[in-house]
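Letter by letter, the chains look like this.
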Amino acid sequence: MSHDITTILSSAIRLSVPLLFAAMGEYVAERAGTLNISVEAMMLSGAYAGILGSSVTGNAAFGLAWGMGIGVVIGLIHGNFTHRLQVNTFVVGVTLNVLALGITNYLFASPELPLTPRQASVLTVPVLSDIPIVGKPLFSERWPAFLLYGLIPVVWWIMQRSRWGLELRSVGENPKAADVTGIHVNRRRRQALVWCGLFAGLGGAYLSVGEVGTFNSNMTAGRGFIVIAAVIFGGWTLRGAVAGCLLFGGADALRLALPALGYKLNPQLLIAAPYLLAIVAMCFFAKRVRQPGALAQPFERGAS
Amino acid sequence: VSETLVHVGAPEESASYVPVSGRGARVRSGLSTTALYVACIGVALGLSAALVAATGGSPSSVFTAMYDGSVNGWGSFGYTLDNATPLLIVAIGTVVAVRAGFFNIGQEGQLAIGAMTGGLVALKLGGPGPLVLILALAASAVGGAIWAGIPALLRFWRGIDVVISSLLLIFIAFQVLSYALNNSWFLQEQRVGRGAVLNESDQVSSHVRLPHYGAYPGLNFGSGLVIGIVLAVVVAVLMARSRWGFKLRMLGLNPVVARRAGVSAFLIGGTAVMISGAFAGLAGGVVLTSQAYRLTPTFSNNVGWNGLLVALIARQNAALAIPVALFFGALQAGGSFLSTLNVSTDLTNIVQALLVLAVVFPTAFRELQRYRRGRAQALAGAAGTAPAAVGA
C-alpha cells in the first residue's frame, strides 16, 4: 500500500514539475496584469527547442537553455504586440499558440532536422531520499527539477520584497496610479512577459529533455492552460499557484494510476478537474480572493 | 470610467488623437499605410518561404500547390468555401459579443458542445429528414448558447470575467464530448458485427445532412455557406439599424451611460454572449451535418479558435467577416494540397498565424505613431501655458 502511495506521489510530482516551472512565470505575468494564453506556445516551443538544443549540443543543460531562450523570444513578441502596439492580448495569444503548434510540428516532421536528444540524468539526494513515502518522490528526480526548490522562494522574494516586484504588482493592480508615480507600465508588463517566457520555456524543456527524453507532436497538450487554471485556482498567490500545480499534477497521476490499481473513476472528470476547480475556486472565494485589478486590461497613457 | 471596455485588435482608425492636416497629408498617410500592409504581408510570406527553403522544400512549388488547392478553378474554390463556412458562422456570433463589450473566447468549446447536442438529435431522433436536420441545427445552437450561458451567468452572479471562464470551459467541453463518445448509451458508435468500437459517434444518416450544391469539377459548396452569409447580413443590419443593436453598441462603448439610459447589462450583455455561443454551436452543427458526418474527440479541430481570429481581424464588423473568413478558408483549402509535395500541412498554420500578425501590425503601428505625435504636441502646448492636466 505504501509502495503504491509512493509510486503515485512520484508520478504526481513528476507531472507537476513542468507546470510549476511555467507557473513561476505565469504567476508573475498575471500579477503584472497581463493574461498571456501564449504560455502554451512558450511551453510547446520550449519543449521542442529543448530537444533540438540537446541534440545539437549533446548536453541536456544546453537544451534547457535553448528552451528558455525560445520562451523569451515568444515573451518579447507577445509583449511588444500587446504592451507596445496595444493589440489585444488574446489575439496575440491565440495567434502565437497556432504559430508554435505549426512550427514545432513542421520542424519535427522535417527530415532535415534529425533529433538525437540527451535526457537529463536522475539525481538522488543521499539521505533525504530515504525518508519513508515522501523521500523518493521529493528527492529523487531528474536534476533540473531541483531548481524549483530555489526558484519558488526567489520568485516569492522578488514579487513581495523587491522594488521590481512591487512595481509589477502595482502595474497589475492599478496601472493609472502606477503611471502617475512614474512607473513605466507597459515596460514592466513587457518585462513580466519575458520573465514568463523564461520559465514557461524552461517548463516545456523540462517536460521534453527532463521527463520524457523526446519530443512528440503537440507535446504539451494544453498544459499551458492548466498553468493558467492553477494560477487562477490559487487566487493569484504564489502559495496557491504552487498548490494548484501540485493538485493538478496529482489529478493527472491519479488518472494514470487508478486503472492499474483496479479502481474505476471517470477519466474525463479527472482531466477536466483543473478547469472545474479553477472555476469553482473563482465562484466561492470571489469575496476573499481578488484577481489583479487590471488583469488583461490594456493600458495606454492618456487614454481614459 | 470605461474600464470594462474591451479593446479588440488595434484601436479604430477613426479614434485619431490629432487631426491630420490637409487632404495631401491624408493621402500620403493612406498610401504609406498601404505600403506598410504590403511590406508586412511580404515579410510574413517571406518568412514562410524561408522556412520552407531552409527545410529543403521549394517555396514556389508550395505556393503553386496552395494556389491550386484554394482558388485555381471552381472545384478548388468550392473547398475554400466549405472551409470558410464554419469560420464565418463562429465569427459573426463573436462580433455580436464583442460589440456588447463582452469577450467570449470559448468558441472552440461551444462548437464542440453544439456539435454534440446537434449530433444527439441527428442520431437519436427519428422522423422525416428535413425536420430532424432543422431540429439538429437548432439543438446545436441551443447547446452552444447554454455552454456560453455559463460564463454569462458567472459574470453576473459572481462577477467572474467572461474571458477567463469561457477559456476554462473549453477544456471542460472537450471532456464532456469525450465522455459522450466513450459511453455506448450516449453517443459512442454502435458495434457492427465484431468490429472494434472506436471513440466516435455513428455517421449521421444521409437524410439528415445539409444539401450540397454542385459537384467537384464545377463550383460546389454546402448550404451552410448560405446560412452563414444570410446570418452575417442579418446581424450586420440588426446591429446597425435596430433598437437592440443600438443598445448593444451603447453597452459596449460606455457601460455607465448604458446603465443610466436603462440598458440592462444582464439582459443585453448576457444575451450577446449567449448569441455568440449559439453561433459557435451552430457552426459545430453545420460541420457535423455537411462535412464531418460523425463526432470525434477532436471534432472542433481549431475551427473555434480560427473563427475567433476571423472575428478579431474583422474588428466588430460582421460584413467584413465574410472576406476574412474566405481568406482563411483559402489558406486551409490550399494547405490540404501540400501533402502531395511531402510538405507538412502544418505550414498552413504557420502562414495563417504570421499573416494575422502582419495584418494587425500596420494599423496598430500607425495608431501608436499618431498617439505619440499627439502626446508630443500636447506636452509642447502645455509647456507654453499654465501647468495643466496633460493627457489625463
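Scroll up to find the structure.
Reading the values: the criteria
Residues numbered from 1 in each chain as written. Chains lettered and ligands numbered in written order. Predicted model: local features only at pLDDT ≥ 70, side-chain atom pairs only at ≥ 80, totals over all residues. Heavy atoms only, no water. Helix = DSSP H or I, 4+ residues; strand = E, 2+ residues; numbered from the N terminus. Buried < 20%, exposed > 50% of the residue type's maximum accessible area, 1.4 Å probe, protein only. Contact = heavy atoms within 4.5 Å. Areas by Shrake-Rupley, 256 points an atom, 1.4 Å probe, with all protein chains shown as cover. Rg over C-alpha atoms; globule rule 2.2 N^0.38 Å. Lys, Arg positive; Asp, Glu negative; His and termini not counted. Charge placed at Lys NZ, Arg CZ, Asp CG, Glu CD. Salt bridge = Lys/Arg side-chain N within 4 Å of Asp/Glu carboxyl O. Polar contact = N/O pair within 3.5 Å; in protein donor to acceptor, adjacent residues only side chain to side chain. Nonpolar A, V, L, I, M, F, W, Y, C, P; charged D, E, K, R; others polar. Phe/Tyr/Trp six-rings, centres within 6.5 Å; stacked < 30°, edge-to-face > 60°. Patch = residues over 30% accessible without salt bridge, like charges linked within 9 Å, V, L, I, M, F, W, Y side chains within 5 Å. Core = buried A, V, L, I, M, F, W, Y, C linked by side-chain atoms within 4.5 Å. Expected span 1.5 Å × (residues − 1). Bend = angle between axes of the 7 residues up to and from the residue. Axes fitted to C-alpha atoms, helices over the stretch in contact; angles between N-to-C directions. Parallel < 35°, antiparallel > 145°, perpendicular 65-115°, else oblique. Left-handed = near helix turned anticlockwise from the far one by under 90°.

Draft legend 1. Molecular detail of the overall build of chain B. Helices and strands together make up the secondary structure of chain B, namely 13 helices and 2 strands. Buried positions account for 50% of the 392 residues belonging to chain B. Pairs at least 24 apart in sequence give 73% of the contacts found in chain B among residues at least 6 apart. When the accessible surface of chain B is split by element, carbon and sulfur atoms take 65% of a total near 17300 Å².

Draft legend 2. Focus on the overall build of chain A. Assigned secondary structure in chain A consists of 12 helices and 2 strands. Mapped in sequence order, the helices and strands of chain A form the string α-α-α-α-β-α-β-α-α-α-α-α-α-α. In terms of overall size, chain A behaves like a compact globule, its C-alpha atoms giving a radius of gyration of 19 Å where 304 residues would be expected to give roughly 19 Å. When each of the 304 residues of chain A is scored for burial, the buried share is 59%. Of the contacts formed within chain A by residues at least 6 apart in sequence, a portion of 76% connects residues at least 24 apart. Looking at chain A, you have 22 positive and 13 negative side-chain charges, and the mean spots of the two groups are 7 Å apart.

Draft legend 3. Here's a closer look at the side chain of Arg189 of chain A. Residues and elements named next belong to chain A. Note on placement: Arg189 falls in helix H9 (residues 185–212). There is no salt bridge for the buried Arg189, and the closest opposite charge comes from Glu173, which lies 9.8 Å off by N-O distance. Once residues lying within four places of it in the same chain are set aside, the contact partners of Arg189 are Ala32, Gly33, Thr34, His83, Val171, Pro175, Ala294, Gln297, Pro298 and Phe299.

Draft legend 4. Structural context of the interface of chain B and chain A. Between chain B and chain A, the contact holds 58 residues from the first and 48 residues from the second. Between chain B and chain A we count 0 salt bridges in total. Where chain B packs against chain A, one counts 4 residue pairs in polar contact (both at pLDDT 80 or more). Looking at the side of chain B that touches chain A, the element that brings in the most residues is helix H13 (residues 346–384) of chain B, giving 16 residues. Taken together, the residues of the side of chain B that touches chain A break down into 39 nonpolar, 13 polar and 6 charged.

Draft legend 5. Focus on the packing of aromatic side chains. Under the counting rule described, the total for this entry stands at 22 aromatic pairs over all chains. With centroids separated by 5.5 Å and ring planes inclined at 70°, the aromatic side chains of Phe90 of chain A and Phe103 of chain B adopt a geometry described as edge-to-face. Residue Phe90 of chain A is located in helix H4 (residues 89–109), and its partner Phe103 of chain B is located in the loop between helix H3 (74–99) and helix H4 (107–124); the two belong to separate chains. Take Phe90 of chain A and Phe103 of chain B: they sit in the same class, and that class is buried. Between Trp164 of chain A and Trp195 of chain A, the aromatic rings sit 5.9 Å apart at their centres with planes inclined by 55°, giving tilted as the arrangement.

Draft legend 6. Structural detail: the pattern of salt bridges. All names here are of chain A. With the rule as written, the count across this model stands at 6 salt bridges over all chains. One salt bridge in this structure joins Arg188 and Glu167, with 2.6 Å as the shortest N-O distance. With Arg188 in helix H9 and Glu167 in helix H7 (residues 163–173), the pair connects residues that are 21 residues apart, well separated along the chain. For the pair Arg188 and Glu167, a shared accessibility class is recorded, and that class is buried. Across the pair Asp252 and Arg255 runs a salt bridge, and its minimum N-O distance is 2.8 Å. Taken together, the positions of Asp252 and Arg255, both in helix H11 (residues 238–261) and 3 residues apart, correspond to about one turn of that helix.

Draft legend 7. How the structure looks around a nonpolar patch on the surface. Together, Ile5, Leu128, Ile131, Ile133, Val134, Leu138 and Tyr149 of chain A give the surface a local cluster of nonpolar side chains, amounting to about 540 Å² of exposed area. Its location among the elements puts Ile133 of chain A in the loop between strand E1 (122–124) and helix H5 (135–139).

Draft legend 8. Fine view of the nonpolar core. In this structure, Val155 of chain A together with Leu168 and Leu347 of chain B are the most contacted members of the largest nonpolar core, which totals 186 residues. Element by element, the count of residues in this core is highest for helix H6 (residues 162–181) of chain B, at 13 residues. Sequence-distant contacts of Leu347 of chain B, defined by excluding residues within four places in its chain, comprise Tyr106 of chain A together with Leu51, Val52, Val62 and Leu338 of chain B.

Draft legend 9. Focus on the side chain of Ser165 of chain B. Positionally, Ser165 of chain B belongs in helix H6. Engagement of the side chain of Ser165 of chain B in a polar contact is seen with the backbone oxygen of Asp161 of chain B, the distance being 3.1 Å. Once residues within four sequence positions are removed from consideration, Ser165 of chain B is found in contact with Ile279 of chain A together with Pro151, Leu154 and Ile160 of chain B.

Draft legend 10. Structural view of the environment of Ala311 of chain B. All names here are of chain B. With respect to the helices, strands and loops of the structure, Ala311 is situated in helix H11 (residues 303–314). Under the relative-accessibility criterion, Ala311 is labelled buried at 5%. With 50 residues separating them in the primary sequence, Ala311 and Phe361 have C-alpha atoms 16 Å apart. Residues in contact with Ala311, not counting those within four places in the same chain, are Ala91, Thr94, Val95 and Gln316.

Draft legend 11. Molecular detail of H6 of chain B. Here H6 of chain B contains 20 residues, and its C-alpha end-to-end distance of 28 Å stays within 8% of the 28 Å for a straight helix at 1.5 Å per residue. Maximum bend of H6 of chain B: about 25°, positioned at Ile170 of chain B.

Draft legend 12. Expanded view of the environment of Phe248 of chain A. Relative to the helices and strands, Phe248 of chain A resides in helix H11. Not counting residues up to four positions away in its chain, the partners in contact with Phe248 of chain A are Leu19, Ile226, Ala229, Ala230, Phe233, Pro274 and Leu277 of chain A.

Draft legend 13. How the structure looks around the packing of helix H2 (residues 39–57) of chain A against helix H10 (residues 223–233) of chain A. All names here are of chain A. H10 packs onto H2 with a crossing angle of 135° between their chain directions and a minimal axis gap of 7 Å. Taken as axis vectors, H2 and H10 run oblique relative to one another. When you trace H2 past H10, the crossing you get is right-handed. Of H10, the residues touching H2 (which contributes Val39, Glu40 and Met43) are Arg223, Gly224, Phe225, Val227 and Ile228. Residues of the contact of H2 with H10, tallied by class, amount to 5 nonpolar, 1 polar and 2 charged.

Draft legend 14. View of unusual backbone geometry. Residue and element names in this part refer to chain A. The phi dihedral of Ala221 falls on the positive side, at around 45°, and the residue is not glycine. With respect to the helices and strands, the residue Ala221 is situated in the loop between H9 and H10. Classification of Ala221 by relative accessible area gives exposed; the value is 54%.

Draft legend 15. Focus on the packing of H4 of chain B against H11 of chain B. Residue and element names in this part refer to chain B. Between H4 and H11, whose axes approach to 7 Å, the crossing angle comes to 130°. Here H4 lies oblique to H11, going by the angle between them. Handedness of the H4/H11 crossing: right-handed. Residues Gln107, Glu108 and Leu111 of H4 form the contact with H11, whose own contacting residues are Val303, Gly304, Trp305 and Leu308. Of the residues belonging to the contact of H4 with H11, the class tally is 4 nonpolar, 2 polar and 1 charged.

Draft legend 16. A look at H4 of chain A. Residue and element names in this part refer to chain A. With 21 residues, H4 extends 30 Å from end C-alpha to end C-alpha; this agrees with the ideal 30 Å at 1.5 Å per step. Burial runs high along H4: 18 of the 21 residues are buried. Two to three positions downstream of the cap, the backbone nitrogen of Phe90 sits 2.7 Å from a side-chain oxygen, assigning the N-cap of H4 to Asn88.

Don't take any of this as a statement about function, it's just geometry.
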